[in-house]
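Listed below are the residues making up each chain.
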Amino acid sequence: MTRVTFIWGPGGVGKSHVSVRRAFESTNAQQTTLLMTLDPSLRVLDLLGLPHASPEKDSNAVEVTLAKQTFHVRRVDVWKVFEQLEKRKPASPRVRVFFEQMVRGMQEFRDYLSLLQLADEVSRGRYQHIIVDTPPFQDAEGLHRSMTNLRDFFEKALVQLAMKSTSMPWVQTTVKKIFDFTRVFVGKTASAQVFEFIEWLSEHHERFKSAAQTLEKLVFSENSNHDFVVTPESSRIFLESTAHIFADKISPTFFVNRSAHGLVLPEGESSFHREIRMLQERELKLLKEIDHFYPKYHLERIPILFMGDDTIEEMELFVQASMATYQELPEPSSSLTGNKTPR
Amino acid sequence: MNTLTLVTGKGGVGKTRTSLLLAEADSRACLTETAPGLQEEAQNLGLKPKPILRFERSDLYEDFLASALKFPPLAKWLMKAPLFHSLLQLAPNLQELLTFSKWLELAEEQPLVVDAPATGHFLAYFQAIHAARNIFDGGTLKALADRAHKYLDSAESIEIVIVALPEHSALEEMKQIEEGVLKLYPHLKIRRILNRLHLKPETTLALPPNLKLLAEERPKREQQRAQDFNRPFEKVIAFGDRALSKASPS
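Please read these numbers as outputs of a predicted model, since none were measured by experiment. (Residues numbered from 1 in each chain as written. Chains lettered and ligands numbered in written order. Predicted model: local features only at pLDDT ≥ 70, side-chain atom pairs only at ≥ 80, totals over all residues.)

Side note on the overall build of chain A
Move 1: Helices and strands together make up the secondary structure of chain A, namely 13 helices and eight strands.
Move 2: When burial is assessed residue by residue, chain A has 40% of its 343 residues classed as buried.
Move 3: Counted over contacts in chain A with a minimum sequence separation of 6, partners at least 24 positions apart contribute 76%. (Helix = DSSP H or I, 4+ residues; strand = E, 2+ residues; numbered from the N terminus. Buried ≥ 20, exposed ≤ 12 C-beta atoms within 10 Å, placed from the backbone. Contact = placed C-beta atoms within 7 Å.)

Structure follows, in C-alpha cells:
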C-alpha cells in the first residue's frame, strides 16, 4: 500500500526544500517515490529546474535525478481534471469560462481539484511512497478544511439539489427562484452561468464523492506521515493552528530548518556570534512551545547553510546536510600532528 | 481617503514586522491583517499595542448581504441557510472582493496598514476585482468591484509595500508581485524594502567550512544579489536592526 507523507509549514520556512529532501531520503531507502506538489506557486519545480507546464502524457510525472537518486515529480494540473471530466460529459463554452474563473479565483475550488488528483494517485498505487508538498499553512488550513468539507459540499449542498431538481418539479422551481435572486448580485448572464455550471458539476457527483472518502481516510491513516517544517524563528501561531487539527490524532515529525543547535563558536563578540546565539535561543523557546502543544513528536534538525541562489548544487548540499557537518573543525594550520579532535 | 498601505512579499520576509513598524511611524494609523500574527509580533518587538481591526469572513458576507438587500434580518437568515452558503462558496473571489472593499471603507476613517498575504494570494485580490468587472454584467458585486477599480486606477491614496530578503526566491517574488500589480494598475505606487541584509563579513574566526561560508561569503553574496536586482530599494534594513520607523519616508 502507498505510504503518504504530508509536508506542512508556514510560509518561507523551506517546505519545498524539505519535500525534496524527503523524496531524496525515501529513494535512498529503496522506495519508489513520487513528490507531488499542491502548492500553486510551483516552487518545487523551480528548485529542481523543471518547467511549470505539465507534460502532455497522462502520467503527468517527470523523472528527476538528484545526488544520484532518481524519483518522480508531478504538479497538480486542474485543467487535466477538467479534461477528464469533460470526456464523460462535454461542457459548454459558458461552463468552461466559469470553471476558469473558479480555478483562478477560488482557493477552495482549486483545493478540491488538487485533492482529487492526489486521491487518484494514491488509489492507482504506482508508488510506494508519495511526498505531498502543501501550500503555506495559512492557505493549507483551507486545504484541510476542504478535505473534510468535500463530501458535504457534494452531498448535501447545491449540487445535490440541482440533481434532485431534474426529477422533482417543485424543487426545480425553488432552485430557479434562488438563482433568479442571485441576479441582484451578479447580473443576469453570470447568474445563468452559475446554474449551468452546477448542473454540469452535478453529473460528476459520484466521482467527487468517492475521492472525498479516499482522502478522509488517508489523512489520519496509520500509513500517513505528517512532517511539520519550522525554523527557530517560526511563530507559535503555526503550532497553535496545527495542534487544533492534528495534536490528539497524530505524532508528527518536526523538522527544524536552519538550526544552529549545538554549535560552538570560537571566543568573540561579532554580529555572527549574535546571530547564532539568537537562533539557538529562539530554537530552545520553540521546542518548549512544541512540547506544550504536542504530547508526542519526533524531532529532526537541518543545519543553517550558506544558500539563497536556488541552484541544483545548493539543493544537493541541502538534501544531504546533517548537524554533524558542524562538528568537523578545520585542521589548525599551525599543527602538523594530524590529530583531529572534534569540538 | 487616507492612505491605504498594503504590505506584501514572499512568506517569511518580515511582512508582519514591517506592517507594525510602518503603522508605528504614524500616530493615526490603524492596523489590520488577513491572518493572525500582528499581536504576537508586537509583543516580540515590545511595542505598545495599537488597535488591530478585525473582521470575520462570515461578518463580511452578512454585512454585504444586508447592504445589498437593504433588510438585515433577511441577511441573517440567509447566512444560516446551507443552500445559500454553498452558493457563496461558488462565487469566485467573493471573499477577496469584500475584504478589499472593507479596507477601502476603513481607510475613509484613518490611515490603514494591512499586513497582507504573500505573493499568490495577494495578487488574487487584484485579479478578483478585475474578474468581477469582467464576468458580472450588473448587480451589487459589480458595483463594489467598479468602486475598488476606480480607487486603484486613480492610484492616489493606495501604496504597495513589497518586502524581500536578499535571496533569489524572495527577490523573484518581489518582481512577480510588482509586475502583476502594475500590469493591471500601472500608476500604483510601489515601495521596495530589503530586509535582513548581512552587512559585515566576519573573517577572523576559525570555523568549520560551512560556517566559514556563512560568516564570510554570505554578506558579500547578499550584497551582490541586491545590486544585481537592478531596482532601487527605498529602504535597506540590516540584519538584527529593528528600526524601520526612523527612516520612514513621508
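A short note on the sheet that holds strand E5 (residues 158-164) of chain B
The pairing of strands in a sheet comes from backbone hydrogen bonds and takes either a parallel or an antiparallel form.
All names here are of chain B.
Move 1: The strand order across the open sheet built from seven strands is E3-E2-E4-E1-E5-E6-E7, with neighbouring strands paired in parallel fashion. What marks the edges here is a single partner per strand, and that holds for strand E3 (52-53) and strand E7 (235-238).
Move 2: Across the sheet, helix H1 (residues 15-24) lies against strand E1 (4-9), strand E2 (30-33), strand E4 (112-115), E5 and strand E6 (189-197), angled at about 155° from E1, the strand it touches most. (Pairing = 2+ DSSP bridges. Axes fitted to C-alpha atoms, helices over the stretch in contact; angles between N-to-C directions.)

Remarks on the pairing of E4 of chain B
Residue and element names in this part refer to chain B.
Move 1: Burial along E4 is two-sided: Leu-112 and Val-114 and Val-113 and Asp-115, pointing in opposite directions, are all buried.
Move 2: Here E1 pairs with E4 via four bridges, running parallel. Directly across from Leu-6, in E4, lies its bridge partner Val-114.
Move 3: Direction of pairing for E2 relative to E4: parallel, over a ladder of four bridges. Along E4, the bridge assignment pairs Leu-31 with Val-113.

Structural notes on helix H3 (residues 78-88) of chain A
All names here are of chain A.
Move 1: Along H3, the positions that sit buried rather than exposed are Val-78, Val-81 and Leu-85. Down the axis of H3, the smallest arc covering the buried residues is 55°, so these residues share one side. Exposed residues on H3 whose side chains face more than 90 degrees from its buried face are Glu-83 and Lys-87. (Arc of directions from axis to C-beta.)

Comments concerning the environment of Leu-35 of chain A
Residue and element names in this part refer to chain A.
Move 1: You can see Leu-35 is positioned in strand E2 (residues 33-37).
Move 2: The sequence separation of Leu-35 and Ile-130 amounts to 95 residues, and the corresponding C-alpha distance is 5.9 Å.
Move 3: If near-sequence neighbours (up to four positions away) are discounted, Leu-35 is found in contact with Ser-19, Val-20, Ala-23, Val-44, Phe-71, Val-73, Ile-131 and Asp-133.

Digging into unusual backbone geometry
Peptide bonds are mostly trans, and most non-glycine residues show a negative phi.
Move 1: Its identity as a non-glycine residue notwithstanding, Lys-68 of chain A has a phi of 70°, on the positive side.
Move 2: For Lys-68 of chain A, the position within the fold is in the loop between strand E3 (62-66) and strand E4 (69-75).
Move 3: The phi angle at Arg-196 of chain B is positive, at roughly 55°, despite the residue not being glycine.
Move 4: By secondary structure assignment, the location of Arg-196 of chain B is in strand E6.
Move 5: For Arg-196 of chain B, a count of 20 C-beta atoms within 10 Å corresponds to the buried category.

Honestly, it's all geometry; don't read function into it.
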